[in-house]
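This is what each chain is made of:
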Amino acid sequence: MIRNEVTDVIASRRSIRKYTGRKVTDEELETILECGTLAPSGMNTQGWFVSAVRDPALLKEMSALQKEAVLAMPDLPPVMLERAKDPAFDATFGAPVVLIVTADASRGSGDACLLGENMVLAAQSLGLGTCISGSITMAFQGEKGRSLLKKLGVPEGNVPVFGITLGEAAEAPEAKPREKKYTIV
Ligand SMILES: Cc1cc2nc3c(=O)[nH]c(=O)nc-3n(C[C@H](O)[C@H](O)[C@H](O)COP(=O)(O)O)c2cc1C
């Protein structure tokens, strides 16, 4: 692989599930959000909306609703159920910011996924850690979940795609193995 500033950022990214208490600055957050919106989108329709959640009360509510939703689904993997039962487990991994990435329901999630990866890589380039969380979207089910989405400023008609926990990493995980799932023909 050719190594340069961009490929190094891509290669060094890991999913981070432990964060220091350091806050993410406004400048860092705005840079990450702006890099997200620089992602390509079908016919430049930008079928996404991101809510950057850093209000501790909203983060707490999100974690509590996610755990409640998990416990209401007893067929989920036991590891998820065990964690949801643990009062010490925080579904937002204690991150100071969670980016809730939503997609315009009429557009599908392609645009939103590209925006998400741009933000993850921008964060990595700034020395910040991230973890994409599909499971955090469980917080937005039901009446209480929809009300939380409104509090996060998500426009009506947008559906959550994933969350991205964001903050200064307090762990340095090894790279996870990858299969070579591509060909050149
Ligand atoms: C769509 C998507 C959903 C994910 N959801 C979760 C999740 O709910 N919880 C979690 O801990 N990690 C989640 N991850 C992170 C993956 O577990 C992680 O990317 C994968 O194990 C590879 O590790 P790496 O990111 O460190 O390379 C998700 C990743 C993606 C792309």
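Anything mentioned here points back to the structure above.
We now turn to the structure provided with this report. (Residues numbered from 1 in each chain as written. Predicted model: local features only at pLDDT ≥ 70, side-chain atom pairs only at ≥ 80, totals over all residues. Heavy atoms only, no water.)

Moving on: the site of the ligand. In the vicinity of the ligand, the residues found are Arg 13, Arg 14, Ser 15, Arg 17, Phe 93, Cys 131, Ile 132, Ser 133, Gly 134, Ser 135, Lys 176 and Arg 178. Ile 132 has a polar backbone atom sitting 3.0 Å from a nitrogen atom of the ligand. For the ligand, whose unbound accessible area comes to 620 Å², protein coverage reaches 62%. Taken together, the residues of the shell around the ligand break down into three nonpolar, four polar and five charged. (Near = heavy atom within 4 Å. Polar contact = N/O pair within 3.5 Å; in protein donor to acceptor, adjacent residues only side chain to side chain. Areas by Shrake-Rupley, 256 points an atom, 1.4 Å probe, with all protein chains shown as cover. Nonpolar A, V, L, I, M, F, W, Y, C, P; charged D, E, K, R; others polar.)

Take helix α2 (residues 26-37) next. Helix length check: α2, at twelve residues, gives a terminal C-alpha distance of 16 Å against a target of 16 Å (1.5 Å per residue), a fit within 8%. The secondary structure elements touched by the buried residues of α2 are β1 (48-53), β2 (97-104), α5 (110-125) and β4 (158-167). (Helix = DSSP H or I, 4+ residues; strand = E, 2+ residues; numbered from the N terminus. Expected span 1.5 Å × (residues − 1). Contact = heavy atoms within 4.5 Å.)

Now for the side chain of Thr 102. By secondary structure assignment, the location of Thr 102 is in strand β2. With a relative accessible area of 0%, Thr 102 lands in the buried category. Side-chain polar atoms of Thr 102 contact the side chain of Asn 158, separated by 3.1 Å. Look past the residues within four positions of Thr 102 in its chain and what remains in contact with it is Gly 47, Trp 48, Phe 49, Ala 112, Val 154, Asn 158, Val 159, Pro 160 and Val 161. (Buried < 20%, exposed > 50% of the residue type's maximum accessible area, 1.4 Å probe, protein only.)

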